[in-house]
Amino acid sequence: MTDLDTVERLEWDTPLFRTALAQFEEALPHAGITDATAERLRFPERAVMLSVPVLMDGGVLRIFPGYRVQHSTVLGPTKGGIRYDQEVTLGECAALAVWMTWKCALLRLPYGGAKGGVRCNPRELSASELQRITRRYTAELAPFIGPREDIPAPDMATNEQTMAWLMDTYSMQKGYAVPEVTTGKPISIGGSVFRPEATGAGVVMVTDRACRKLGLPLGEQRCVVQGFGNVGGVAARELEERGATVLAVSDVSGGVYASGGLDLAAVRAWAAEHGVLEGYPGADFVTNAELLELPCDVLVLAAREDQVTAENAGRLDCRIVAEGANGPTTIEADRILADRGIVVLPDVLTNAGGVTVSYFEWVQDLGRLFWGRDEIRFKLEEMLGDAFDRVWELHREEGMSLRGGALVAAIREVAGALEMRGIYP
Ligand code: NAD
């Protein structure tokens, strides 16, 4: 058996990958799987590194590092987002790919996990530069992605437009339209209704279910949301629609806070006009660090990884942490929150709405038959509810944290399939 040293000496070794691995090791004793199966699952199956050449608007050539990591193909093709961010590394993609494997397995979707990205500062790039990055990145990855191989989706700083360029580039290589190569596309080219809202809405569906179990009606909760993008922006709106009070929201520029509740429509209008929340006149300004420590009932983390750490976990002043982002809580912080009795709704469950509706989109594209919004919303709530209940049962019956329960349930799904398939040859 490979010791941890070997895993840690491999190219994807980074603090975030160690977090993903440490969570896996913590869950293993409860999962009851063989050593050989556990060993296989510690390693991504494939990691692709690219140098993406792009002619910038001024005519200068720049090379951007690009990555795609596929963790497991045991249950089907791999699935996972593409992010454009300055922090993107092979190790970050590997950790996020591992989490995608658990997320898909927990939701019983026929996928394994993948993640990719380009290291760049999207805020400094023009639309045409972003288009050229996307098209070249897709062309370089064409041998490794596809409807039956690996199906990308949006993540940080990528969106419907990015997926449309990706789908077009892939389709041009094939000679015919292949909408099922990606999800999170515009509806006009085979996207699914409700996909843009699915992750944020799913965060609130899971939070609502947890609140019911805990005897805390969601409509009476005071909420703080970090991140005001695809996930956080929708989560804030859905919380408000279910009667909760949203006290504060933030983006990369900082947060806005009103102790009596924000006027979210006005905040949204400001962000749409100015690009950032900074300068919004209708509330107090707080830093992102201050925002996390505001007194509230539900803290939704919907920005990025490593936000709640050993340093600030002792000062969080909430009852529930809902992880809309991937990996926002470090292992040490997780322990501190557990000791303090703060319930953490883990990312692999809480933000799984996105990949679940991505699965619906892929199925609709493959069948060329499209469903309505109510049907999709209903199916999503049902699947998240079923996964939540399985996790809750493990938590109640085996005394695990909700993260532990989610990982154990997911690991058992993947391991069961891997043990039946065996190791080739
Ligand atoms: P996004 O780019 O639409 O939004 C990210 C938000 O976080 C923005 O408001 C940005 O300003 C803010 N932000 C960035 N850095 C920050 C920082 N250091 N402090 C505070 N705020 C910061 O991205 P998204 O799609 O909403 O993704 C957010 C998180 O959710 C990521 O961790 C992503 O992996 C995860 N996620 C997204 C989806 C999806 O369907 N989009 C699905 C599952 C998980």
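Residues numbered from 1 in each chain as written. Predicted model: local features only at pLDDT ≥ 70, side-chain atom pairs only at ≥ 80, totals over all residues. Heavy atoms only, no water.

Considering all chains together, one arrives at nine aromatic pairs under this definition. Taken together, a centroid distance of 6.5 Å and an interplanar angle of 35° make the contact between Tyr359 and Trp362 tilted. You can see Tyr359 and its partner Trp362 sitting in helix H13 (residues 353–367), three residues apart, about one turn around the helix. The buried category is assigned to Trp362, whose relative accessible area is 11%. When the centroid spacing of 5.7 Å and the interplanar angle of 15° are considered together, the rings of Phe388 and Trp392 count as stacked. Of the two residues, Phe388 and Trp392 both sit in helix H14 (residues 373–398), four residues apart, roughly one turn of that helix. Site record: aromatic cluster; members linked through ring pairs are Tyr111, Tyr359, Phe360, Trp362 and Trp371. Just above the ring of Trp371 sits the side chain of Lys379; from NZ or CZ to the centre is 4.9 Å. (Phe/Tyr/Trp six-rings, centres within 6.5 Å; stacked < 30°, edge-to-face > 60°. Helix = DSSP H or I, 4+ residues; strand = E, 2+ residues; numbered from the N terminus. Buried < 20%, exposed > 50% of the residue type's maximum accessible area, 1.4 Å probe, protein only. Lys NZ or Arg CZ within 6 Å of the ring centre and 35° of its normal.)

Next up on the list: the packing of helix H2 (residues 15–31) against helix H15 (residues 402–421). Axis separation between H2 and H15 bottoms out at 9 Å; the angle between their running directions is 70°. Considering the angle they form, H2 stands roughly perpendicular to H15. For the element pair H2 and H15, the recorded crossing hand is right-handed. Every residue of H15 that contacts H2 at Gln23, Phe24, Ala27, His30 and Ala31 is listed here: Arg403, Leu407, Val408, Ile411 and Arg412. The residue inventory of the contact of H2 with H15, partitioned by class, reads six nonpolar, two polar and two charged. (Axes fitted to C-alpha atoms, helices over the stretch in contact; angles between N-to-C directions. Parallel < 35°, antiparallel > 145°, perpendicular 65-115°, else oblique. Left-handed = near helix turned anticlockwise from the far one by under 90°. Contact = heavy atoms within 4.5 Å. Nonpolar A, V, L, I, M, F, W, Y, C, P; charged D, E, K, R; others polar.)

Before going further, it helps to examine the domain arrangement of the chain. Domain boundaries in the chain define domain 1 (42–178) and domain 2 (198–350). If you average the C-alpha positions of domain 1 and of domain 2, the two centres end up 27 Å apart. Taken together, the contact between domain 1 and domain 2 spans 13 residues of the former and eight residues of the latter. Both sides together, the interface formed by domain 1 and domain 2 hides about 840 Å², and carbon and sulfur atoms give 55% of it. Taken together, the links from domain 1 to domain 2 amount to two salt bridges. (Domains from an automatic or database assignment. Buried area = accessible area lost by both parts, 1.4 Å probe. Salt bridge = Lys/Arg side-chain N within 4 Å of Asp/Glu carboxyl O.)

Bringing the pairing of strand E10 (residues 298–301) into the picture now. Here is the key point about a regular strand: its side chains alternate between the two faces of the sheet. Burial along E10 is two-sided: the face carrying Val298 and Val300 and the face carrying Leu299 and Leu301 are both buried. Here strand E6 (residues 222–226) pairs with E10 via four bridges, running parallel. Along E10, the bridge assignment pairs Gln226 with Leu301. As defined by bridge partners, E10 adjoins strand E11 (residues 320–323) across four bridges and the pair is classed as parallel. Bridging across to E11, Val300 finds its partner in Ala322. (Pairing = 2+ DSSP bridges.)

As a further point, take the pairing of strand E3 (residues 78–85). Burial analysis of E3 places eight of its eight residues in the buried class, which makes it a mostly covered element. Relative to strand E4 (residues 112–119), E3 runs parallel, the two being bridged by six bridges. Note that in E4 the partner of Arg83 across the bridge is Gly117. Inspection of the sheet shows E3 paired to strand E5 (residues 150–154) by five bridges, in the parallel sense.

With that settled, the discussion passes to the sheet that holds strand E8 (residues 254–257). Where strands meet in a sheet, backbone hydrogen bonds hold them as pairs that are either parallel or antiparallel. Taken in spatial order, the seven strands of this open sheet run E9-E8-E7-E6-E10-E11-E12, and their pairing is mixed. Strands at the two margins of the open sheet, each flanked by one partner only, are strand E9 (284–286) and strand E12 (343–345). Adjacent strand axes in the sheet meet at a mean angle of 20°, parallel and antiparallel pairs treated alike.

The next point concerns the side chain of Thr329. Within the secondary structure layout, Thr329 lies in the loop between E11 and helix H11 (331–339). On the accessibility criterion, Thr329 (1% relative accessible area) is buried. Within the structure, the side chain of Thr329 is placed 2.5 Å from the side chain of Glu323, a separation counted as a polar contact. (Polar contact = N/O pair within 3.5 Å; in protein donor to acceptor, adjacent residues only side chain to side chain.)

A few words now on the layout of surface pockets. A volume near 530 Å³ is recorded for the second largest pocket. Counting only elements with at least two residues in the lining of the second largest pocket, the list comes to H2, H11, E12, H14 and H15. Examining the composition of the lining of the second largest pocket, we find that five residues originate from one element, H15, more than from any other. Looking at the lining of the second largest pocket residue by residue, the class counts come to 12 nonpolar, seven polar and five charged. (1 Å grid on protein atoms, 1.4 Å probe; cavity = no way out; pocket = protein on both sides within 12 Å on 5 of 7 lines; lining within 4 Å. Points joined across faces, edges and corners; volume = space filled by probe spheres on them.)

The full count for this structure, using the stated rule, is 36 salt bridges. Linking Glu180 and Arg368 is a salt bridge whose minimum nitrogen-to-oxygen distance equals 3.2 Å. Residue Glu180 is found in the loop between helix H6 (160–174) and helix H7 (195–214), and its partner Arg368 is found in the loop between H13 and H14; the two are separated by 188 residues along the sequence. Here Glu180 falls in the buried class, since its relative accessible area comes to 12%. Look at Arg368 and you get partly exposed, because its relative accessible area is 49%. A salt bridge links Asp334 to Arg403; its shortest N-O distance comes to 2.6 Å.

The environment of the ligand is made up of 22 residues, and the closest members are Asp155, Thr199, Asn230, Val231 and Asn326. Between the ligand and Ala157 there is a distance of 3.2 Å, counted from an oxygen atom to a backbone nitrogen or oxygen. Here Thr199 contributes a side-chain N or O atom positioned 2.6 Å from an oxygen atom of the ligand. Notes on the ligand: free accessible area 830 Å², of which the protein chains cover 84%. Of all the secondary structure elements, the ones that give two or more residues to the shell around the ligand are H7 and helix H8 (230–241). Here the residues of the shell around the ligand are counted per class, giving eight nonpolar, nine polar and five charged. Looking at which domains feed residues into the shell around the ligand, each of domain 1 (42–178) and domain 2 (198–350) gives three or more. (Near = heavy atom within 4 Å. Areas by Shrake-Rupley, 256 points an atom, 1.4 Å probe, with all protein chains shown as cover.)

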